[in-house]
Amino acid sequence: MAKKTFEIALKQLEEIVREMESGDLSLEQAVKKYETGITHSKYCLDILDKTEKKITQLTRGNDGSMKEEPFDNE
């Protein structure tokens, strides 16, 4: 079995959304898909949170040298 990646989890989440939006699922099937979707969503959000903490922004100082600064999302 392939290692679960962000891309795989996102693709599976997108497929679940398509299936649920189709309206072809029974209530029981929709609830199971929803539960699976929540699991994929939490996995993706966890990866994004961890990645955001790793990001640094390279900027040039006044003297032209490169320096690392924490990424400011605001």
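Here is what the cut-offs are and how they apply
Residues numbered from 1 in each chain as written. Predicted model: local features only at pLDDT ≥ 70, side-chain atom pairs only at ≥ 80, totals over all residues. Heavy atoms only, no water. Helix = DSSP H or I, 4+ residues; strand = E, 2+ residues; numbered from the N terminus. Buried < 20%, exposed > 50% of the residue type's maximum accessible area, 1.4 Å probe, protein only. Contact = heavy atoms within 4.5 Å. Salt bridge = Lys/Arg side-chain N within 4 Å of Asp/Glu carboxyl O. Expected span 1.5 Å × (residues − 1). Phe/Tyr/Trp six-rings, centres within 6.5 Å; stacked < 30°, edge-to-face > 60°. Lys NZ or Arg CZ within 6 Å of the ring centre and 35° of its normal.

## Quick look at the overall build of the chain
Point 1. Counting its secondary structure elements, the chain contains two helices and two strands.
Point 2. Reading the chain from its N end, one meets helices and strands in the order α-α-β-β.
Point 3. Burial analysis of the chain (74 residues in total) assigns 12% to the buried set.
Point 4. Relative to all contacts within the chain whose residues are 6 or more apart in sequence, the contacts with residues 24 or more apart total 36%.

## Describing the environment of Ile38
Point 1. When you line up the elements, Ile38 lands in helix H2 (residues 27-54).
Point 2. Sequence spacing of Ile38 and Leu13 is 25 residues, and the spatial spacing of their C-alpha atoms is 8.5 Å.

## Re the pattern of salt bridges
Point 1. Counted by the stated rule, this structure contains four salt bridges.
Point 2. In this structure, Lys32 engages Glu28 in a salt bridge whose closest nitrogen and oxygen atoms are separated by 3.6 Å. Here Lys32 and its partner Glu28 are both found in helix H2, four residues apart, which amounts to about one turn of the helix.
Point 3. Using a relative accessible area of 56% as the deciding quantity, one classes Glu28 as exposed.

## A few points about H2
Point 1. Taking 1.5 Å of rise per residue, 28 residues should cover 40 Å, and H2 covers 41 Å from first to last C-alpha, within 8% of that figure.
Point 2. Elements in contact with the buried residues of H2: helix H1 (6-22).

## Some thoughts on the packing of aromatic side chains
Point 1. Throughout the structure, instances matching the rule amount to zero aromatic pairs.
Point 2. Looking at Lys4, its charged tip hangs above the ring of Tyr43, at a distance of 4.4 Å from the centre.

## Here we look at the environment of Leu13
Point 1. Summarising the element assignment, Leu13 is placed in helix H1.
Point 2. Taking the C-alpha atoms as reference, Leu13 lies 9.5 Å from Tyr34; in sequence the two are 21 residues apart.
Point 3. With near-sequence residues (within four places) excluded, Leu13 lies in contact with Gly37, His40 and Ser41.

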